[in-house]
Amino acid sequence: MTLIAENLNKSFGDTLVFKDIFFTVDKGEILVIKGKSGQGKTTLLRCLNYLEVLDKGSISINGKYLCKDADGKVQYAEKEDLKAYRLDIGLVFQNYNLFPHMTAKENLLLAPKFLDNMTEEEMEKRAKELLAQLDISDKENSYPYQLSGGQQQRVAIARACMLNPSVLCFDEPTSALDEETRGQISKIIKGLANQGMAIIVVTHDSSLVEELEGNVLTMGK
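Residues numbered from 1 in each chain as written. Predicted model: local features only at pLDDT ≥ 70, side-chain atom pairs only at ≥ 80, totals over all residues. Heavy atoms only, no water.

Digging into the packing of helix H3 (residues 104–115) against helix H4 (residues 120–133)
Stage number 1. At a closest axis distance of 10 Å, the pairing of H3 and H4 adopts a crossing angle of 135°. In terms of axis orientation, H3 runs oblique to H4. Two packed elements cross with a definite hand, and for H3 against H4 that hand is right-handed. Packed against H3, whose contacting residues are Lys-105, Leu-108, Leu-109, Pro-112 and Lys-113, the element H4 presents Glu-120, Met-123, Glu-124, Ala-127 and Leu-131 at the interface.
Stage number 2. Of the residues in the contact of H3 with H4, the class split is 6 nonpolar, no polar and 4 charged. (Axes fitted to C-alpha atoms, helices over the stretch in contact; angles between N-to-C directions. Helix = DSSP H or I, 4+ residues; strand = E, 2+ residues; numbered from the N terminus. Parallel < 35°, antiparallel > 145°, perpendicular 65-115°, else oblique. Left-handed = near helix turned anticlockwise from the far one by under 90°. Contact = heavy atoms within 4.5 Å. Nonpolar A, V, L, I, M, F, W, Y, C, P; charged D, E, K, R; others polar.)

Following this line, the structure appears as structure tokens:
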């Protein structure tokens, strides 16, 4: 099993966000997490990506632990193990979070340059392959403000794929898109799963849930 999440609990102060969440996602599978606003869907994604910390629970990808329960408390991995875990998971934010002063290609190259884990040739090749795969090769030198919402979404997906993660998370990937573009993003997500990625999608879009034909976890039952 690629990703295993067990007994996840999260509160903000006295406010319980979610409790006793359990799920698994394997290579090539799609898990759709649905529910109303305020049910903790985005917070759950942020916990998976170590952007928030859990109160309790265990998360691992390919046997690499982000955290695990130890005597009733959550214990996070050491620095090097955390780095290995985080390289294996990617997140496409709801608002894309592209750097506005960088072109599409520069946004893609930022993470591998920072991590220094690819040669210049490897980075350029990977970026061009992803831009072509997502049909935005002609936008590589465009800045975010020059791109439509759907094009920005594709750049964000390409950026998240640059390090070839085992797990890719999407936070409300179709919330600001028209119906045609929504259908295109749905096909891209299914295509990534067909290539072997484990996919986790947070959405309240019932049409997207049906289109993705994945396993469903409903928050706030």
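Having put the structure on the table, let's press on.
Description of unusual backbone geometry
Stage number 1. In this structure, Tyr-50 is a non-glycine residue whose phi angle is positive, near 60°.
Stage number 2. Of note, Tyr-50 is situated in the loop between helix H1 (41–48) and strand S4 (56–61).
Stage number 3. For Tyr-50, a relative accessible area of 27% translates into the label partly exposed.
Stage number 4. If you check the backbone angles, Asp-116 has positive phi at about 55° while not being a glycine.
Stage number 5. Note that Asp-116 resides in the loop between H3 and H4. (Buried < 20%, exposed > 50% of the residue type's maximum accessible area, 1.4 Å probe, protein only.)

Description of the environment of Leu-168
Stage number 1. With respect to the element layout, Leu-168 can be found in strand S8 (residues 167–171).
Stage number 2. A relative accessible area of 0% places Leu-168 in the buried class.
Stage number 3. Separated by 79 residues in sequence, Leu-168 and Ile-89 place their C-alpha atoms 5.7 Å apart.

Some points on the environment of Ser-137
Stage number 1. For Ser-137, the position within the fold is in the loop between H4 and helix H5 (149–161).
Stage number 2. By relative accessible area, which is 37% here, Ser-137 ends up partly exposed.
Stage number 3. Spatially, the C-alpha atoms of Ser-137 and Ala-104 are 9.5 Å apart, while their sequence positions differ by 33 residues.
Stage number 4. Contact partners of Ser-137, with chain neighbours within four places excluded, come to Lys-128, Leu-131 and Ala-132.

Considerations on the pairing of strand S1 (residues 3–12)
Stage number 1. As judged from the 7 bridges shared by S1 and strand S2 (residues 15–25), these two strands associate in the antiparallel manner. If you follow Leu-8 over to S2, its bridge partner there is Ile-21.
Stage number 2. Between S1 and S2, which follow one another and run antiparallel, lie 2 residues, and Gly-13 among them has a positive phi close to 65°.
Stage number 3. Across 5 bridges, the pairing between S1 and S4 is antiparallel. The residue of S4 that forms the bridge with Glu-6 is Ser-58. (Pairing = 2+ DSSP bridges.)

Re the packing of aromatic side chains
Stage number 1. In this structure the tally under the stated criterion is 2 aromatic pairs.
Stage number 2. Centre to centre, the rings of Tyr-143 and Tyr-145 are 6.4 Å apart; their planes meet at 20°, and the pair counts as stacked.
Stage number 3. Overall, Tyr-145 belongs to the exposed group, its relative accessible area being 66%. (Phe/Tyr/Trp six-rings, centres within 6.5 Å; stacked < 30°, edge-to-face > 60°.)

Points about H5
Structural remark: α-helix, 3.6 residues per turn; residues separated by three or four positions point the same way.
Stage number 1. Compared with the 18 Å implied by 1.5 Å per residue over 13 residues, the 18 Å span of H5 between its first and last C-alpha is a close match.
Stage number 2. When you tally the buried positions in H5, you get 11 out of 13 residues, the bulk of the element.
Stage number 3. Along H5, the positions that sit buried rather than exposed are Gly-150, Gln-152, Gln-153, Arg-154, Val-155, Ala-156, Ile-157, Ala-158, Arg-159, Ala-160 and Cys-161.
Stage number 4. The elements touched by buried residues of H5 are strand S7 (89–92), H3, H4, S8 and helix H6 (179–194). (Expected span 1.5 Å × (residues − 1).)

Structural notes on the sheet that holds S2
Strands pair in a sheet through their backbones, by hydrogen bonds, and they do so in one of two ways: parallel or antiparallel.
Stage number 1. Taken in spatial order, the 5 strands make up an open sheet running S2-S1-S4-S5-S6, and their pairing is antiparallel. Of all the strands in the sheet, just S2 and strand S6 (73–76) have a single pairing partner and so form its edges. Adjacent strand axes in the sheet meet at a mean angle of 25° when their direction is disregarded.
Stage number 2. Sitting on the sheet, H1 is in contact with S1, S2, S4 and strand S5 (64–70), with an inclination near 60° to S2.
Stage number 3. Of the strands in this sheet, S4 and S5 touch helix H2 (residues 79–87), which is tilted by about 120° from S5.

Notes on the side chain of Glu-140
Stage number 1. If you trace the backbone, Glu-140 turns up in the loop between H4 and H5.
Stage number 2. Taking the relative accessible area as the measure of exposure, Glu-140 reaches 14% and is therefore buried.
Stage number 3. In this structure Glu-140 touches Thr-103, Ala-104, Lys-105, Lys-128 and Leu-131, once residues within four positions along its chain are discounted.

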